[in-house]
Structures are given as C-alpha cells and as structure tokens.
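# Reading the structure
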Amino acid sequence: MTITLRPITGDNWIECIALAPTEEQQRIGFVSPNQLSLAQAYAERWWQPYGIYADETIVGFVLYGRWPATGVSPHHTAAEPGVHHVLRFMIDARYQGRGYGRAGMERVIEQIKAEPGAHAITISYDPSNTVMARLCAGAGFEPTGRLIDDEIEARLSI
Ligand SMILES: CC(C)(COP(=O)(O)OP(=O)(O)OC[C@H]1O[C@@H](n2cnc3c(N)ncnc32)[C@H](O)[C@@H]1OP(=O)(O)O)[C@@H](O)C(=O)NCCC(=O)NCCS
C-alpha cells in the first residue's frame, strides 16, 4: 500500500467532502468538515488542500500552508509568518487505525521539507485527542506549552 498526497482539484473534491471522521470525533469537534476547509482554502489562499491516498483510494484530507507576512486575519492569533502550519488533518472513519494517518503525516513533512526555506511546522489538537497526540509525537512534534483556541500546540523544527 502506497500513501501519497494529491492536490484537491475538480477531479476529486466531491470525494474529498464525502470523507468524515467517526460520529464521536465529529461530536467532539476534533476537526472541521472538509467542505469548510475547502471554502477556507478559497478565501485564505496560503492554505493548500490535499487528499491522502492509499494507492488509488482517497482515505483522508490535509490542509496546510505557510503563514504569509501580510493579509492574515487577526482571528488567527497564533500565526507566525514563514512557519508552516497544519490546519486540518483527518482520516475517514472507515480507514482509521491502519497506519494511514502516520504515513500521511510523514508525506506532509517530506513535502514541506522540500520547500525552500521551510524551517518549522506547527499543529494543534484537542487535549482529549490522544490518538493525534501520539501520531504527532511519533512524527517528532513537541508540545510548545502554548494553547491555541484551547488546543495543544506542537512544533517540529525541520
Ligand atoms: C487522528 C487520526 C488522523 C489518526 O489517523 P489513523 O489513520 O487512525 O492513525 P494511525 O492508524 O496512523 O495511528 C496513529 C497512532 O495512533 C495509534 N492509534 C490509532 N488508533 C488508535 C486508537 N483508537 N486508540 C489508541 N491508539 C490508536 C496507532 O497505534 C498509532 O500509534 P503508533 O504510531 O505509536 O503505533 C484520525 O483518528 C482522525 O482523523 N481523527 C479525527 C480528526 C482529528 O482528530 N484530526 C486531528 C485534528 S488536528
């Protein structure tokens, strides 16, 4: 099984918005619905949406980007110009627990590392999200001690 990232385009956006985490994860609000993330990527052009693919099947979604120096709304209180941030990351409920999240995060990190000047990646997750905490720790992220909108911020220097 090969895990890759593919840009969300006219060919796969409908499959992308059909993806959802478990009902419990939705109820707690671990991640926004993918249609909201695609709308946000339209309005805030620095965010890049990708499908996480297991071979030819879309199994998840990631939205990340590099904070620009200008044009960021004040509601993004933790924005750090030049730093990459993973704003959304999810694996569809049907495909969780198979290592796709871990492999998808590895692809995200590789892809960001390949960008000239990339030097740090941040992410945040709900304090009760033990699976995401484990996934991030395994990928090398370390908690910064800061809370972002009541979520634990973690950072990876690259
Ligand atoms: C967090 C999420 C992306 C993980 O994806 P996944 O494909 O299920 O994760 P993986 O199978 O790669 O497992 C990642 C790690 O968590 C562990 N894990 C997975 N499911 C688990 C579970 N139900 N209970 C405990 N540990 C679990 C795995 O063993 C693995 O740890 P390891 O690398 O030390 O072996 C997925 O649960 C999800 O989409 N959740 C809802 C959205 C969300 O919370 N996003 C994060 C917002 S920032």
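Going by the structure above, here's the rest.
Residues numbered from 1 in each chain as written. Predicted model: local features only at pLDDT ≥ 70, side-chain atom pairs only at ≥ 80, totals over all residues.

### Describing the site of the ligand
Using the following cut-off: Think of it this way: take the backbone, place a C-beta atom on it, and check whether that atom is within 6 Å of the molecule or strand, in which case the residue is near it. Strands here are runs of E lasting at least two residues and helices are runs of H or I lasting at least four, both read from the DSSP assignment and numbered beginning at the N terminus.
Neighbouring the ligand are 21 residues, the closest being Pro21, Phe30, Gln96, Gly101 and Arg102. Of all the elements in the fold, those that place two or more residues in the shell around the ligand are strand 4 (84-91), helix 4 (100-113) and helix 5 (130-139). Among the elements that take part in the shell around the ligand, helix 5 stands out by supplying five residues, more than any other.

### Brief notes about the environment of glycine 101
Counted only if it meets this: Any two residues are considered in contact once their C-beta atoms, placed from the backbone, lie within 7 Å.
Among the secondary structure elements, glycine 101 is positioned in helix 4. Separated by 47 residues in the primary sequence, glycine 101 and alanine 54 place their C-alpha atoms 11 Å from one another. Excluding residues that lie within four positions of it along the chain, glycine 101 makes contacts with Gly60, Ile91 and Leu135.

### Focus: helix 5
Note the threshold: With C-beta atoms placed from the backbone, the exposure class of a residue follows from how many other C-beta atoms lie within 10 Å of its own: 20 or more, buried; 12 or fewer, exposed; in between, partly exposed. To obtain the arc, one takes the directions from the helix axis to the C-beta atoms.
Within the sequence span of helix 5, burial applies to Met132, Leu135 and Cys136. Seen along its axis, helix 5 keeps its buried residues to an arc of 95°; they face one direction. Along helix 5, the residues that are exposed and aim more than 90 degrees away from the buried face are Thr130, Arg134, Ala137 and Gly138. The inward-facing, buried residues of helix 5 abut helix 4, strand 5 (120-125) and strand 7 (151-157). Positive phi appears at glycine 140, one or two residues downstream of helix 5, with a value of about 105°.

### A word on the environment of arginine 107
Locating arginine 107 in the fold gives a position in helix 4. Sequence-wise, arginine 107 and histidine 119 are twelve residues apart; in three dimensions their C-alpha atoms are separated by 16 Å. Among all residues touching arginine 107, those that are not within four sequence positions of it are Ile3, Thr4 and Leu5.

### A short note on the pairing of strand 2 (residues 47-54)
Taken residue by residue, a regular strand's side chains alternate between the two faces of the sheet. Condition: Here a strand pair is declared whenever DSSP counts at least two bridges between the two strands.
Here five bridges tie strand 1 (residues 3-7) to strand 2, and the two strands are oriented antiparallel to one another. Bridge pairing in strand 2 links arginine 6 to glycine 51. The pairing of strand 2 with strand 3 (residues 57-66) spans eight bridges and is antiparallel. Across the sheet, tryptophan 47 pairs through a bridge with glycine 65, a residue of strand 3. If you look at the hairpin formed by strand 2 and strand 3, you'll find two residues sitting between the two strands, and aspartate 55 has a positive phi there, around 50°.

### Here's the deal with the nonpolar core
Worth spelling out the cut-off: Here, a nonpolar core means buried Ala, Val, Leu, Ile, Met, Phe, Trp, Tyr and Cys residues linked by C-beta atoms lying within 7 Å of one another.
Core analysis: the largest hydrophobic core is formed by 31 residues, its most contacted members being Ile52, Val62, Val86, Ile123 and Cys136. Counting only elements with at least two residues in this core, the list comes to strand 2, strand 3, strand 4, helix 4, strand 5, helix 5 and strand 7. Setting aside chain neighbours within four positions, we find cysteine 136 in contact with Ile123, Tyr125, Phe141 and Ala154.

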